[in-house]
Amino acid sequence: MPHTQLPDHGAVLAEVREVRRAGVVRLRELRVPALAAISDGLEAAAPGAPHFPAVERLLRLAVSRIGGGTLQEAAEYSLGLAQGTRDWPAADRRKRAAQVYGISVERFRKHHELMVLGEVAEQIVRMAPVGRTVVRDAPVVLFPGSRAVPRPRLAPAHRRLRVRSARITVHVHPADLLRDIDVVVSPSNTYFALPEAYKSSVSASLRRAGALRDQAGGLVEDRIHDELRAWVARHGRPGGAVAPGTVAVTGAGALERQGVRRLYHAAVAVPRAGTNDYDVLPADVTRAVARAFTLLGEEAGRRRPPFTSLCLPLLGAGRGGLAPAESLAAMWAAVEAELARGARWDLHFVVRRAERADLIEQLLGAETA
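It should be emphasised that the depicted structure is a prediction, and the values quoted were computed from it without experimental measurement.

So what's going on with the packing of helix H1 (residues 9-22) against helix H2 (residues 33-42)? Which residues, and what values?
How two helices sit against one another is set out by the angle between their axes and by the gap between those axes. Direction vectors running N to C along H1 and H2 enclose 105 degrees, while the axes themselves pass 8 Å from each other. Here H1 lies roughly perpendicular to H2, going by the angle between them. Within the contact between the two elements, H1 uses Ala11, Val12, Glu15, Val16 and Val19 and H2 uses Pro33, Ala34, Leu35 and Ile38.

Break down the side chain of threonine 85 for me, with residues and values.
Tracing the backbone through its elements, the reader meets threonine 85 in the loop between helix H4 (69-79) and helix H5 (90-101). A relative accessible area of 0% places threonine 85 in the buried class. Among the polar contacts listed, one links the side chain of threonine 85 to the backbone oxygen of glycine 80, at a separation of 3.5 Å. In this structure the side chain of threonine 85 is engaged in a polar contact, spanning 2.6 Å, whose partner is the backbone oxygen of alanine 82. Non-local contacts of threonine 85, meaning those with residues more than four positions away in its chain, are made with Glu76, Tyr77, Gly80 and Arg93.

Any chance you could break down the environment of proline 244 for me, citing the residues and the numbers?
Of note, proline 244 is situated in the loop between helix H8 (223-234) and strand S8 (247-250). Residue proline 244 is classed as partly exposed on the basis of its relative accessible area, which comes to 31%. In this structure, the C-alpha to C-alpha distance between proline 244 and alanine 283, residues 39 residues apart in sequence, is 9.3 Å. Setting aside chain neighbours within four positions, we find proline 244 in contact with Thr190, Ala267, Val270, Asp284 and Arg287.

Describe in detail the environment of proline 271, supporting the description with residues and values.
Its location among the elements puts proline 271 in strand S9 (residues 262-271). Owing to a relative accessible area of 33%, proline 271 belongs among the partly exposed residues under this scheme. It is 6.9 Å that separates the C-alpha atoms of proline 271 and asparagine 189, two residues lying 82 residues apart in sequence. Contacts of proline 271, omitting those with residues within four sequence positions, involve Asn189, Thr190, Tyr191, Asp277 and Tyr278.

An account of the nonpolar core is requested, with residue identities and associated values reported.
Grouped together as the largest cluster of nonpolar side chains are 90 residues, with contacts concentrated most on Leu59, Val120, Ile124 and Tyr264. Sequence-distant contacts of isoleucine 124, that is, excluding residues within four places in its chain, are made with Val12, Val16, Leu35, Ile38, Leu58, Leu59 and Ala62. Counting 20 residues, the second-largest nonpolar core is a separate cluster that includes Ala175, Trp231, Ala248 and Ala252.

Quick one: what's the story with the packing of H4 against H5, residue by residue and with numbers?
Here H4 crosses H5 at 170 degrees, and the two axes come no closer than 7 Å. By the angle between their directions, the pair H4 and H5 is classed as roughly antiparallel. Residues Thr70, Leu71, Glu73, Ala74, Tyr77, Ser78 and Leu79 of H4 pack against Arg93, Arg96, Ala97, Val100 and Tyr101 of H5. Counted by class, the contact of H4 with H5 contains seven nonpolar, two polar and three charged residues.

I'd like to hear about the pairing of strand S11 (residues 309-312), residue by residue, with values.
Residues Ser309 and Cys311 of S11 are buried on one face, and the alternating residues Leu310 and Leu312, pointing to the opposite face, are buried as well. Where strand S5 (residues 183-189) lies against S11, two bridges are found, and the strand directions are parallel. The residue bridging valine 183 from the neighbouring strand is leucine 310, located in S11. When S11 meets strand S12 (residues 346-351), the two strands line up parallel, connected through four bridges. Counterpart to leucine 312 in the pairing with S12 is phenylalanine 349. Each parallel crossover has a hand, and for S11 linked through helix H10 (residues 324-340) to S12 it is right-handed.

Report on the environment of alanine 14, specifying residues and quantitative values.
Note on placement: alanine 14 falls in helix H1. Residues alanine 14 and leucine 117, spaced 103 residues apart in sequence, show a C-alpha to C-alpha distance of 9.4 Å.

Describe H1, naming the residues involved and giving the relevant values.
Given 3.6 residues to a turn, an α-helix orients residues that are three or four positions apart in the same direction. In this model H1 runs 20 Å from its N-terminal to its C-terminal C-alpha over 14 residues, within 8% of the 20 Å that 1.5 Å per residue would give. All of the buried residues along H1 are His9, Gly10, Ala11, Val12, Leu13, Glu15, Val16, Val19, Arg20 and Ala22. Buried residues along H1 sit against H2, helix H3 (52-64), H4, H5, helix H6 (105-127) and helix H11 (354-363). Looking one or two residues beyond H1, the residue adopting positive phi is glycine 23, at roughly 85 degrees.

Got a sec to walk through the pattern of salt bridges? Specific residues and values, please.
With the rule as written, the count across this model stands at 21 salt bridges. Between glutamate 106 and arginine 109 there is a salt bridge whose closest N-O contact spans 2.6 Å. Of this pair, glutamate 106 and arginine 109 both sit in helix H6, separated by three residues, roughly a single helical turn. Judged by its relative accessible area of 38%, glutamate 106 is partly exposed. A residue is classified by how much of its surface remains accessible, and arginine 109, at 35% relative accessible area, is partly exposed. Overlapping salt bridges bring together Arg20, Arg94 and Glu113 as one network.

Rules used in this analysis
Every residue gets a number counted from 1 within its own chain, in the order that chain's sequence is written. In keeping with the model being predicted, local features are shown solely for residues with a pLDDT of at least 70 and side-chain atom pairs are shown and tallied solely at 80 or more, while totals for entire chains, interfaces and linings include all residues. Excluded from the side-chain calculation are hydrogens and water; included are all heavy atoms of the structure. An axis is simply a line fitted to the C-alpha atoms; with a helix, the fit covers only the stretch in contact. Between two such axes, the angle follows the N-to-C directions and lies from 0 to 180 degrees. Labels follow the DSSP assignment, with helices taken as runs of H or I lasting at least four residues and strands as runs of E lasting at least two, numbered in each case from the N terminus. Roughly parallel means an angle under 35 degrees; roughly antiparallel, over 145; roughly perpendicular, 65 to 115; everything else is oblique. Here a residue-residue contact requires only that any non-hydrogen atoms of the pair lie within 4.5 Å. Partly exposed residues are those whose accessible area sits between 20% and 50% of the maximum for their type, while under 20% is buried and over 50% is exposed, using a 1.4 Å probe and protein chains only. Residues adjacent in sequence count toward polar contacts only when both atoms are side-chain atoms; beyond that, a polar contact is any pair of N or O atoms within 3.5 Å, and within protein one must be able to donate a hydrogen and the other to accept it. We call a set of buried Ala, Val, Leu, Ile, Met, Phe, Trp, Tyr and Cys residues a nonpolar core when their side-chain atoms join them within 4.5 Å. Polarity classes work like this: nonpolar for Ala, Val, Leu, Ile, Met, Phe, Trp, Tyr, Cys and Pro, charged for Asp, Glu, Lys and Arg, and polar for all others, with Gly in that last group. Whether two strands pair comes down to DSSP finding at least two bridges between them. By the criterion used throughout, a crossover qualifies as right-handed when its path from the first strand across the helix to the second strand runs clockwise, the strands pointing away from the viewer. For a helix, the expected span equals 1.5 Å multiplied by the residue count minus one. Any carboxyl oxygen of Asp or Glu that lies within 4 Å of a side-chain nitrogen of Lys or Arg is treated as forming a salt bridge with it.

Don't take any of this as a statement about function, it's just geometry.
Shown next as structure tokens:
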């Protein structure tokens, strides 16, 4: 049994993208070690047996687990898994996948394809047996007479990327550890009801970090909660919901000591009646991010020093149920529009897990800055 480690989402996604370019009909020719290792962990193969039949079965199983709908159908066409498409050229498969969404090929390539392939990779990583998937580019330690053994290493807490003309920083740590960023976007539901401060979500951790406390740690003022309630009352919505995509502005409370100056609360999660669940639509995520940029532009010049930086979590990718790739694609539509008009904001993303930082780097086709 080969020695392997935890799944690396970035490595899996890169190989899924290779399959998209080549199609499953050419799997025999592709080098896909991450997919081969995961498929080997799911089904015992005879020694020396070719890997590509098991990899194709893995891809088909991952796509089937998406749960139907346009996302699954587009994935089947993109990879050549739909009936009769095994030998289709990549351009024809992309064109047919774009038709599933009723959009142009170019728009699908720039936005929806990232979401589709990212969801396939996400499903594959979820299926991987624990402890049996490769780690990308892991350095090795060699001992006389032994095989190479991956050496553990810590993932960097900050990654600086370049996407075309934009410089982007990805923070790999809880949102309440952010420092020296003018505006942090906090996900919210359409009632702007903050979760309890002891919970683990982005909005809960920001509420907790923004509270004013005495020297013994006792709560003096729940600053962010109180300001958000005041915003709701001021806009005539106490007890009622706002339109998805609405953004409310509050101060940052005690986070100001860390250089965070504003919070933009993005209403993207619509509570599902009679349950504890939410619905999040990618279009609402795009609208919320676009609105955040509008507010940033309006406020920037009125502040001294002016606002220059904004940080985004993966909106809707927690309890909202969006796949991380789907969230990023929806957010990037607004970010790219802002960059296209010549904006020069200092952009940040914050995630808690290294594999999500890998996903951002892979989907954006970023270079290390």
